[in-house]
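Listed below are the residues making up each chain.
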Amino acid sequence: MLRFKPYYIEKPWGGRRLEERFGRVLPAGPVGESWELVELPDCESEVAEGPRSGDKLGELWRSGALGGSAEGEFPFLLKWLDTHEQMSVQVHPDEEFCRNTRLGQPKTEAWYVLHAEHKSKLLVGNYPGLDPTTLRQAAERGSLKKWMYEASPRPGDIYLIEAGTMHSVGSGFVLLEVQQPSDTTYRIHDW
C-alpha cells in the first residue's frame with residue numbers, strides 16, 4: 001500500500017479536528033484543508049515512506065502503477081475539510097467559462113459528510129430570481145443567505161456541487177471532498 005504525504009493548508013475558517021479524528025500532527029494555526037491526493041502545477045502528492053518514498057503521484061499514475069487508464073494528469077483531487085467557522089459563499093467555474101475566458105480550471109466537487117455538529121448547516125444553490133443585480137445587492141447588504149437553500153446533513157450524506165453552483169459550508173463539519181483537479185474558486189461573499 002502506498003501512503004502519500006498530506007498537504008495541510010491553513011484557512012481562517014479551519015480547525016483542529018483532523019488532529020483529533022486521525023491522530024495527525026498538524027502545523028500551528030487553523031488547518032482547514034488536508035490535500036491527500038493532488039497533482040497540480042504547484043502542488044503534487046508524493047509517497048511518504050517505503051521503497052517508493054518520494055515518488056510523485058503523477059509519475060506513478062502515468063506509469064500504470066496505480067491502475068486505471070493511466071493517461072494524462074491524475075484525474076481528481078482528494079481532500080479533507082475541517083470547518084471551525086463558516087466558509088465564504090463561493091462558486092467554481094464550469095468548463096465553458098474556463099474555455100471562453102481562459103481563466104482557471106473547471107471544478108465540480110462532491111462532499112462526503114464524516115462529521116456534522118448538531119446545528120451545522122450547508123448552503124447549496126439559490127432560489128429562482130437571483131439575478132446579477134440582486135446578487136450584488138444581497139452580498140453588499142449581508143442578506144445573501146436568505147437566497148440560498150439550507151441543508152442540515154448527517155454523517156454519511158453525500159452532496160454533489162456542480163460547477164457554477166453557489167455554496168458555503170457552515171461551521172462544525174469534517175468533509176471528504178473529491179473534485180476535479182483545480183484550485184479555482186471565486187468568492188462571492190465573506191461573512
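Keep in mind that this is a model prediction, so the values were computed, not measured.

Trainee: What exactly am I supposed to notice about the layout of surface pockets here?
Mentor: Remark: the empty space left among the atoms is shown by a probe the size of a water molecule rolled over them. As a volume, the largest pocket reaches approximately 200 Å³. Taken together, Met-1, Leu-2, Arg-3, Phe-4, Arg-24, Glu-36, Leu-37, Ala-48 and Leu-78 make up the lining of the largest pocket. Along the lines of polarity and charge, the residues of the lining of the largest pocket split into six nonpolar, no polar and three charged.

Trainee: Explanation requested: the nonpolar core in the structure shown.
Mentor: Within soluble globular proteins, side chains that are nonpolar tend to cluster in buried spots. Membership of the largest hydrophobic core comes to 13 residues, with the highest contact counts inside it found for Trp-111, Val-113, Leu-122, Val-124, Val-169, Phe-173 and Leu-175. Those elements giving two or more residues to this core turn out to be β7 (109-116), β8 (122-126) and β12 (173-179). When residues in this core are grouped by element, the largest group, three residues, is from β7. Here Leu-122 is in contact with Trp-111, Tyr-149, Glu-150, Ala-151, Pro-153, Tyr-159, Ser-168, Val-169, Gly-170 and Phe-173, once residues within four sequence places are set aside.

Trainee: How do you make sense of the side chain of Arg-24 when you look at a structure like this?
Mentor: Structurally, the position occupied by Arg-24 is in the loop between α1 (17-22) and β2 (31-37). Reaching out from Arg-24, the side chain makes a polar contact with the side chain of Ser-34 at a distance of 2.9 Å. A distance of 2.8 Å separates the side chain of Arg-24 from the side chain of Glu-36, its partner in a polar contact. Among residues more than four places away in sequence, those in contact with Arg-24 are Pro-6, Tyr-8, Leu-18, Glu-19, Ser-34, Glu-36 and Trp-80.

Trainee: Can you walk me through the packing of aromatic side chains in this structure?
Mentor: What characterises a pair of aromatic rings is the spacing of the ring centres plus the angle enclosed by the ring planes. Scanning all chains against the criterion turns up five aromatic pairs. Summarising the aromatic geometry, the rings of Phe-22 and Trp-80 are spaced 4.8 Å apart at their centres and angled 45° between planes, so their arrangement reads as tilted. Placement of the pair is Phe-22 in helix α1 and Trp-80 in strand β5 (residues 77-83), with a sequence separation of 58 residues. Overall, the relative accessible area of 14% leaves Trp-80 in the buried class. An aromatic cluster of at least three residues, connected via ring pairs, comprises Trp-61, Phe-74 and Phe-76.

Trainee: Please explain a nonpolar patch on the surface as it appears in this structure.
Mentor: A cluster of nonpolar residues, Phe-97, Leu-103 and Tyr-186, forms a patch on the protein surface that exposes about 250 Å² of accessible area. Of note, Leu-103 is situated in the loop between α3 (95-101) and β7.

Trainee: So what exactly am I meant to see when it comes to the pattern of salt bridges here?
Mentor: Side-chain pairs of opposite charge can arise whenever the charged atoms involved come near each other. In the structure shown here, the tally under the stated rule is 12 salt bridges. With a shortest N-O distance of 2.9 Å, Asp-55 and Arg-52 are connected by a salt bridge. Since its relative accessible area comes to 22%, Asp-55 is described here as partly exposed. When its relative accessible area of 35% is taken as the criterion, Arg-52 is described as partly exposed. Lys-145 is the salt-bridge partner of Glu-150, the closest N and O atoms lying 3.9 Å from each other. Taking the relative accessible area as the measure of exposure, Lys-145 reaches 43% and is therefore partly exposed. Within the structure, one salt-bridge network assembled from shared partners comprises Lys-5, Glu-46 and Lys-56.

Trainee: Help me understand unusual backbone geometry, please; the structure alone is not making it clear to me.
Mentor: Generally, phi is negative for residues other than glycine and the peptide bonds are trans, each holding for most cases. A positive phi is found at Arg-102, a non-glycine position, where the angle reads about 60°. Position of Arg-102 among the secondary structure elements: in the loop between α3 and β7. Residue classification places Arg-102 among the exposed positions, given a relative accessible area of 75%.

Trainee: What exactly am I supposed to notice about the state of the cysteines here?
Mentor: Think of a disulfide as a covalent bridge from one cysteine sulfur atom to another cysteine sulfur atom. This structure, assessed with the given rule, holds zero disulfides. No disulfide involves Cys-43; its sulfur sits 19 Å from that of Cys-98, the nearest cysteine. Cys-98 sits in the buried class, given a relative accessible area of 9%.

Cut-offs applied
- Once a new chain begins, its residue numbering starts again from 1 and follows that chain's sequence as written.
- Where local features are concerned, this predicted model is filtered to residues with pLDDT of at least 70; where side-chain atom pairs are given and counted, the filter is 80 or more; whole-chain, interface and lining totals use all residues.
- Computation of side-chain values covers all heavy atoms of the structure but excludes hydrogens and water.
- Residues are said to line a cavity or pocket when one of their atoms sits within 4 Å of a point; the points come from a 1 Å grid over protein atoms alone, cavities being sets where a 1.4 Å probe fits but cannot get out and pockets being open sets with protein on both sides within 12 Å along at least five of seven lines.
- Grid points are joined across faces, edges and corners, and a volume is the space filled by probe spheres set on the points.
- When residues are sorted by character, Ala, Val, Leu, Ile, Met, Phe, Trp, Tyr, Cys and Pro go into the nonpolar class, Asp, Glu, Lys and Arg into the charged class, and all the rest, Gly among them, into the polar class.
- Here, nonpolar core refers to any group of buried Ala, Val, Leu, Ile, Met, Phe, Trp, Tyr and Cys residues whose side-chain atoms link them within 4.5 Å.
- The buried label goes to any residue with under 20% of its type's maximum accessible area, the exposed label to any with over 50%, and the partly exposed label to all in between, with areas taken from a 1.4 Å probe on protein chains only.
- Only DSSP runs of H or I with at least four residues qualify as helices, and only runs of E with at least two residues qualify as strands; both kinds are numbered from the N terminus onward.
- Any two residues whose heavy atoms approach within 4.5 Å are treated as being in contact.
- Each polar contact in these results corresponds to two N or O atoms within 3.5 Å; when the atoms are within protein, one needs to be able to donate a hydrogen and the other to accept it, and residues that are neighboring in sequence are counted only if both atoms are side-chain atoms.
- Ring pairs are drawn from Phe, Tyr and Trp, using the six-membered ring of Trp, whenever the two centres fall within 6.5 Å, and their geometry is named by plane angle: stacked under 30 degrees, edge-to-face over 60, tilted for the rest.
- Nonpolar side chains (Val, Leu, Ile, Met, Phe, Trp, Tyr) are joined into patches within 5 Å and like charges within 9 Å, using only residues with over 30% relative accessible area and no salt bridge.
- To measure how exposed things are, a 1.4 Å probe is used in the Shrake-Rupley method; for residues, cover is taken only from the protein chains shown.
- For this analysis, a salt bridge means a side-chain nitrogen from Lys or Arg found within 4 Å of a carboxyl oxygen belonging to Asp or Glu.
- Any pair of cysteine sulfurs within 2.5 Å is marked as a disulfide.

Structural measurements only, silent on function.
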